[in-house]
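# What the coordinates show
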Amino acid sequence: MSDQNINEELMNEHLSEDQVQETENQTEQNETSGKTELEIVKEQLAKEKDQYLRLFAEFDNFKKRTSRERIDFFKTANKEVVTALLPVLDDFQRAMVQIEKSDDNGLQQGVELIYNKLNETLRTKGLNVIEVKAGDDFNTDLHEAITQIPAPREDLKGKIVDVVETGYLLNDVVIRYAKVVVGM
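Residues numbered from 1 in each chain as written. Predicted model: local features only at pLDDT ≥ 70, side-chain atom pairs only at ≥ 80, totals over all residues. Heavy atoms only, no water.

Next up on the list: the overall build of the chain. Counting its regular elements, the chain contains four helices and six strands. In sequence order, the secondary structure elements of the chain are arranged as α-α-α-α-β-β-β-β-β-β. Looking at the chain residue by residue over its 184 residues, the buried ones come to 18%. Surface exposure of the chain reaches about 14,300 Å², of which carbon and sulfur atoms provide 53%. (Helix = DSSP H or I, 4+ residues; strand = E, 2+ residues; numbered from the N terminus. Buried < 20%, exposed > 50% of the residue type's maximum accessible area, 1.4 Å probe, protein only. Areas by Shrake-Rupley, 256 points an atom, 1.4 Å probe, with all protein chains shown as cover.)

Time to look at the pattern of salt bridges. Following the criterion strictly, the structure yields 11 salt bridges and no others. The salt bridge involving Arg54 is made with Asp50; its shortest N-O contact spans 3.0 Å. Of the two residues, Arg54 and Asp50 are both situated in helix H2 (residues 37-76); the distance of four residues between them amounts to about one turn of the helix. Note on Arg54: relative accessible area 57%, which makes it exposed. Note that Glu120 and Arg123 form a salt bridge whose closest N and O atoms lie 2.7 Å from each other. Within this pair, Glu120 and its partner Arg123 are both found in helix H4 (residues 105-124), separated by three residues, close to a single helical turn. For Glu120, a relative accessible area of 40% puts it in the partly exposed group. Look at the salt bridges and you will find they share partners, linking Asp90, Glu165, Arg176 and Lys179 into a network. (Salt bridge = Lys/Arg side-chain N within 4 Å of Asp/Glu carboxyl O.)

Attention now goes to the sheet that holds strand S5 (residues 173-176). Pairing is antiparallel across the open sheet formed by three strands, whose spatial order is S1-S4-S5. Looking at which strands have only one partner, the edges of the open sheet turn out to be strand S1 (127-130) and S5. Neighbour-to-neighbour, the strand axes of this sheet turn through a mean angle of 40°, independent of strand direction. Relative to strand S4 (residues 167-170), S1 runs antiparallel, the two sharing four bridges. Across the sheet, residue Ile130 finds its bridge partner in S4, namely Gly167. (Pairing = 2+ DSSP bridges. Axes fitted to C-alpha atoms, helices over the stretch in contact; angles between N-to-C directions.)

Looking at the chain, the pLDDT average stands at 84 and 82% of residues meet or exceed 70. The secondary structure element of the chain with the lowest average pLDDT is helix H1 (residues 3-33), at 56, and the one with the highest is strand S6 (residues 178-183), at 94. (pLDDT = per-residue confidence, 0-100.)

What follows is about the sheet that holds strand S3 (residues 160-165). Sheet strands associate in pairs through backbone hydrogen bonding, adopting either a parallel or an antiparallel arrangement. Spatial strand order, S2-S6-S3: three strands in an open sheet with mixed pairing. For this open sheet the edge positions go to strand S2 (143-149) and S3, each flanked by a neighbour on one side alone. The mean inter-strand angle of the sheet, taken between neighbouring strand axes irrespective of direction, is 30°. Where S2 and S6 come together, six bridges link them in parallel fashion. Bridge assignment links Glu144 to a residue of S6, and that residue is Lys179.

The terminal C-alpha atoms of helix H3 (residues 79-101) lie 34 Å apart, and with 23 residues this matches the ideal 33 Å at 1.5 Å per residue to within 8%. Roughly 30° is the biggest bend found in H3, and it falls at Leu86, with proline Pro87 one to four residues downstream. Residues Val82, Leu86, Leu89, Asp90, Phe92, Met96 and Ile99 constitute the buried set of H3. Each element contacted by the buried residues of H3 is listed here: H4, S1, S3, S4 and S5. (Expected span 1.5 Å × (residues − 1). Bend = angle between axes of the 7 residues up to and from the residue. Contact = heavy atoms within 4.5 Å.)

So, about the environment of Asp136. The topology assignment puts Asp136 in the loop between S1 and S2. In this structure Asp136 touches Glu131, Lys159 and Ile160, once residues within four positions along its chain are discounted. At a separation of 3.0 Å, a polar atom in the side chain of Asp136 contacts the main-chain amide nitrogen of Lys133. (Polar contact = N/O pair within 3.5 Å; in protein donor to acceptor, adjacent residues only side chain to side chain.)

Here it is, written out as structure tokens:
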């Protein structure tokens, strides 16, 4: 295509846009010619009021949404720290089992005191244990089956046989699924 053809097309396009605008202006003038100036002002006022109400409602929804998001953020802001402390909590639980086997009562009380303090601190931050015991129904929302074994009893088929690792909720959101063995 030559430069002259391109220029002609652009001019035609520009002219057709002007014609469309001119037609719209004429239509608008025809609509307003039958109305009084007061009616026109009332219509414009109604339009502006409608726009204002819509804008106000949109802003109100924005405030509510950001407030909700902020609350949700603060609830889970400490998720990374709590998740990093879960292995420490697991180690404490294992240590408690081993210390109970020993005869050192002072050691047991000292470790128990530290464990309880850590556990209580995490509980105040929203951490809760997912309570699971042998015989409970397997729930994929809370449990992760790491293996299946033949059920030792008939009533344990499809149910939890053993809990390998404790699961935790942080403000009612699962941060670690309970690792369980399921009977088949």
